[in-house]
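# An overview of the molecular structure
The chain contents come next:
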Amino acid sequence: MDIRYYIDSDSGEPHIYQHGVDEDEMIESKFPAGWNEQRVKGLIRHSENLTEEEQVAEDEAALSDTPGQTVIAVPTDLLPAIWQLLAEHNQKN
C-alpha cells in the first residue's frame, strides 16, 4: 500500500500529523464493513476505465436512486448557511 502525504512547510512534519493521525494508524488499513483492499482496488479500476459519458450516467443513476433528495449547484459562499440549515433540519428529524 502506498501512503501519500506532503511535508507541511510550516512544521516540517508530514501532513497527516495535522489531522491527529499517527504513523501506526496510517500503516493500518481500515475499511468500512464489507469492504477490503481487493474491493477498493476493483472499484478504482472500474472508475478509471469509464468514459466521461459512462461516469455521468453512473452519477445520474445514483442521484435518481435517492428519493426525497435534490442536487443543485449553489454559490460557494452560501455553503455555510446551507450547512447550518441542514444541521437544523437533521436535529428536528
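All residue numbers here refer to positions counted from 1 along the written sequence of the relevant chain. Whole-chain, interface and lining totals are the exception, using all residues; otherwise, since this is a predicted model, local features are given only for residues with pLDDT of at least 70 and side-chain atom pairs are given and counted only at 80 or more. With hydrogens and water set aside, each side-chain value is computed from the structure's full complement of heavy atoms.

Take the overall build of the protein next. Counting from the N terminus, the helices are DSSP H or I runs at least four residues long and the strands are E runs at least two residues long. Secondary structure summary: the protein contains four helices and zero strands in total. Along the protein, helices (α) and strands (β) appear in the sequence α-α-α-α when read from the amino end. Whether a residue is buried, partly exposed or exposed follows from its accessible area with a 1.4 Å probe, protein chains only, as a fraction of its type maximum: under 20%, in between, or over 50%, in that order. Across the 93 residues that make up the protein, the buried fraction comes to 4%. In short, Shrake-Rupley with a 1.4 Å probe defines the accessible areas, and a residue's cover is counted only from the protein chains shown. Here the protein displays about 8,500 Å² of accessible surface, and carbon together with sulfur accounts for 52% of that area.

Salt bridge criterion: a side-chain nitrogen from Lys or Arg within 4 Å of a carboxyl oxygen from Asp or Glu. Tallying each qualifying case throughout the model produces one salt bridge. Across the salt bridge formed by Lys-41 and Glu-37, the nearest N and O atoms sit 3.1 Å from each other. Of this pair, Lys-41 and Glu-37 both sit in helix α2 (residues 37–48), separated by four residues, roughly a single helical turn.

Another aspect to go through is a nonpolar patch on the surface. A cluster of nonpolar side chains, Ile-72, Val-74 and Leu-78, forms an exposed patch at the surface whose accessible area comes to about 260 Å². Its location among the elements puts Leu-78 in the loop between α3 (52–64) and α4 (79–92). Only residues whose relative accessible area exceeds 30% and that form no salt bridge are eligible for patches; like-charged ones are grouped when within 9 Å, while nonpolar side chains (Val, Leu, Ile, Met, Phe, Trp, Tyr) are grouped when within 5 Å.

Another aspect to go through is a negative patch on the surface. There is a patch of like negative charges on the surface, built from Glu-52, Glu-53, Glu-54, Glu-58, Asp-59 and Glu-60. By the secondary structure assignment, Glu-52 is in helix α3. The charge count treats Lys and Arg as positive and Asp and Glu as negative. His and the chain ends do not count. The atom standing in for a charge is NZ when the residue is Lys, CZ when it is Arg, CG when it is Asp and CD when it is Glu.

This part takes up the confidence of the model for the protein. Every residue is assigned a pLDDT by the predictor, reflecting its confidence on a scale from 0 to 100. For the protein, per-residue confidence averages 80 on the pLDDT scale, and residues scoring 70 or more make up 73% of the total. When mean pLDDT is compared element by element in the protein, α2 scores highest at 92, while helix α1 (residues 23–27) scores lowest at 61.

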